[in-house]
Amino acid sequence: MVVTTRSQSRKRPIHDRDGGDGTHENSDGDLRANNGSRDAKGRASLPGVKPKRSRTVDKVLPSSLREKNLFPSEDSKRWDGPFLFAQLADTQLGCLTGDKSLDTEIHIVRQGVERINKLRPKFVIVCGDMINAFPDNAKKQDEQIEAFYKEMRKIHKDIPLVCVCGNHDVGNQPNRASIERYKKKFGSDFFTFWVGGVKCIVINSSLYKDDSKAKSLAKRHHQWFMKELKRCEAENPRHTLVFAHIPPFINTPNEPDGYFNWTKSTRRKVLSRMKKAAVCTMFCGHYHRNAGGRDGALEVVVTSALGCALKALEDPLGLPVSFDEPTIGTQVSGFRMVYVGEKRVRHKWFVLDKIPSDVSLMKELLADSEGGKKVLDSTQ
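Quick caveat, the model's predicted, so the values are computed rather than measured.

For the protein, the helix and strand inventory stands at 10 helices and 17 strands. Long-range contacts, defined as pairs at least 24 residues apart, comprise 70% of the intrachain contacts of the protein with a sequence gap of at least 6.

Right, let's get into the packing of aromatic side chains. Summed over the entire model, instances satisfying the criterion amount to 16 aromatic pairs. Arranged with centres 4.8 Å apart and planes meeting at 55°, the rings of Phe 190 and Trp 224 form a pair that is tilted. A residue pair is termed long-range when its members are at least 10 positions apart, and Phe 190 in the loop between helix 6 (176-186) and strand 10 (191-195) and Trp 224 in helix 8 (residues 215-235) qualify at 34 residues. Just as Phe 190 is buried, Trp 224 falls in that class too. A ring pair is formed by Tyr 259 and Phe 260, whose centres lie 4.9 Å apart and whose planes are at 85°; its orientation type is edge-to-face.

As summarised here, the arrangement of the six strands in space is 10-11-12-13-15-14, forming an open sheet in which the pairing is mixed. In the strand order of this sheet, the two ends are held by strand 10 and strand 14 (291-295), each with one partner. On average, each strand axis in the sheet is tilted by 20° relative to the strand beside it, whichever way the strands run. Relative to strand 11 (residues 198-202), strand 10 runs antiparallel, the two being bridged by five bridges. Within strand 11, the position partnered with Phe 191 by the bridge is Val 202. Sheet contacts for helix 8: strand 10, strand 11 and strand 12 (239-243); angle to strand 11, the most-contacted strand, approximately 175°. The strands that helix 9 (residues 264-276) touches are strand 12, strand 13 (281-284), strand 14 and strand 15 (298-302); relative to strand 15, the one it contacts most, it runs at about 120°.

Next up on the list: the pairing of strand 11. Most of strand 11 is tucked away, with five of its five residues classed as buried. In this structure, the hairpin formed by strand 10 and strand 11 is closed by a connection of two residues, where Gly 196 is found at a positive phi of approximately 55°. Sheet analysis places strand 11 next to strand 12, joined by five bridges and oriented parallel. The partner of Val 198 across the bridge, within strand 12, is His 239.

A separate point is the nonpolar core. One broad rule of soluble globular proteins: the nonpolar side chains tend to lie buried together. Of all hydrophobic cores here, the largest spans 41 residues; its most connected members are Leu 88, Phe 148, Met 152, Phe 335 and Met 337. Going through the elements one at a time, strand 7 (83-88), helix 3 (103-119), strand 8 (124-127), helix 4 (138-152), strand 9 (161-164), helix 6, strand 16 (334-340) and helix 10 (359-366) are the ones with two or more residues in this core. With six residues, helix 3 is the largest single contributor of residues to this core. Setting aside its immediate chain neighbours within four residues, Leu 88 contacts Ile 116, Val 124, Ile 125, Val 126, Cys 127, Met 152, Leu 306 and Phe 335. Of all hydrophobic cores here, the second largest spans 29 residues; its members include Phe 225, Met 226, Ile 250 and Leu 298.

Among the five residues in strand 10, five count as buried, and that is most of the element. Residues Phe 191, Phe 193 and Val 195 line one face of strand 10 and the alternating positions Thr 192 and Trp 194 line the opposite face, and both faces are buried.

Quick look at the environment of Gly 334 now. If you trace the backbone, Gly 334 turns up in strand 16. Look at Gly 334 and you get buried, because its relative accessible area is 0%. Taking the C-alpha atoms as reference points, Gly 334 and Leu 352, separated by 18 residues in sequence, lie 4.9 Å from one another.

Moving on: the pattern of salt bridges. Under the criterion given, the structure shown has 17 salt bridges. One salt bridge connects Glu 233 with Lys 230, and the closest N-O pair in it is separated by 3.5 Å. Note that Glu 233 and Lys 230 are positioned in helix 8 at a spacing of three residues, about one turn of the helix. Residue classification places Glu 233 among the partly exposed positions, given a relative accessible area of 47%. Of the charged contacts in the structure, one is a salt bridge between Glu 299 and Arg 294, with a shortest N-O distance of 3.7 Å. A single salt-bridge network, built from bridges that share partners, covers Lys 199, Glu 228, Arg 231 and Glu 235.

The pLDDT averaged across the protein works out to 81; a share of 74% of its residues lies at or above 70. This stretch, residues 1-10, has a pLDDT under 50; its non-local contacts, to residues over four places away or in other chains, come to 31 contacts. Low pLDDT, under 50, characterises residues 16-69; the stretch is placed with 147 contacts to residues that sit more than four places away or in other chains.

Before going further, it helps to examine helix 6. Within helix 6, burial applies to Ser 178, Ile 179, Arg 181, Tyr 182, Lys 183, Lys 185 and Phe 186. Note on helix 6: the residue one or two positions beyond its end, Gly 187, has a positive phi of about 105°.

Rules and cut-offs
Residues numbered from 1 in each chain as written. Predicted model: local features only at pLDDT ≥ 70, side-chain atom pairs only at ≥ 80, totals over all residues. Heavy atoms only, no water. Helix = DSSP H or I, 4+ residues; strand = E, 2+ residues; numbered from the N terminus. Contact = heavy atoms within 4.5 Å. Phe/Tyr/Trp six-rings, centres within 6.5 Å; stacked < 30°, edge-to-face > 60°. Buried < 20%, exposed > 50% of the residue type's maximum accessible area, 1.4 Å probe, protein only. Pairing = 2+ DSSP bridges. Axes fitted to C-alpha atoms, helices over the stretch in contact; angles between N-to-C directions. Core = buried A, V, L, I, M, F, W, Y, C linked by side-chain atoms within 4.5 Å. Salt bridge = Lys/Arg side-chain N within 4 Å of Asp/Glu carboxyl O. pLDDT = per-residue confidence, 0-100.

This is the structure in structure tokens:
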């Protein structure tokens, strides 16, 4: 287990959700004033981000980055021109060997971070399953979280890290204890943030997948999500993006229920509200392969893993028996780059071996067609 001292820096994920009217609301329901600030080292921070202190948080996240965030509200809700961000999913340290070793995944994540630092995206978001061990294996999970943060703190200090909870992070059947544990390690399990006139909504998709042990939490989460979608009508963001781990569907909105998607009844209800709120894109992970589709104007993007990727299976919605070693490496593992233009959101998946190292080349590959440039098709 990596031992971290308080003097060491650590990448701190964004985790407060916008409470409206000049405030931010965290997942405990506390409202705080919306004032942007910088830490002792001059690093930008999101306004109002003062998570509750706990011994666990103090141990895992040193004070220098406990309030690490970006995008002051007075600037973040105004369109500020096109930008890039990087979407990762399923780093899932420990997956390859069933938690016996983290070496291979750490090596791949390290290479991913190196490429991110060359591209300098506006922010990096990991759409769930940062680690493999479940909450009921606390010791092993803590070791993996330490290793995850050790690598992620190597992301350049000007690139914020956003973490989205996945089923391995909070459990296949999340409960109050597992979610509280997650919040102590990573921050809130659902929240919003704004960047350059774009509203970003992060949800806890595990509560939509299986709420059998967290009925009251799931109800509160759903009510909050519906409220945020409703507020989009008045806020009029340039784009609204939703981030989750488990996708509502893999390929089509009417596909059968399976391990990798939400039940039909749940997805119909939520997708309908998302479309009404003019959400343009929902970014997910969980599938360990690239997939996705459309429900009207809403695009659901399912992004493969920076860690272990899966081969195509006979049952595309079923859970595989095992992960084979050839499914990880620079030729199969990677991440998605997203170009947010004034009129459109473009994206493309890259394996690590094929990621352009030049920022201008990346922008040209993903640039909005509104500028008259020929663009690459953003297929998976």
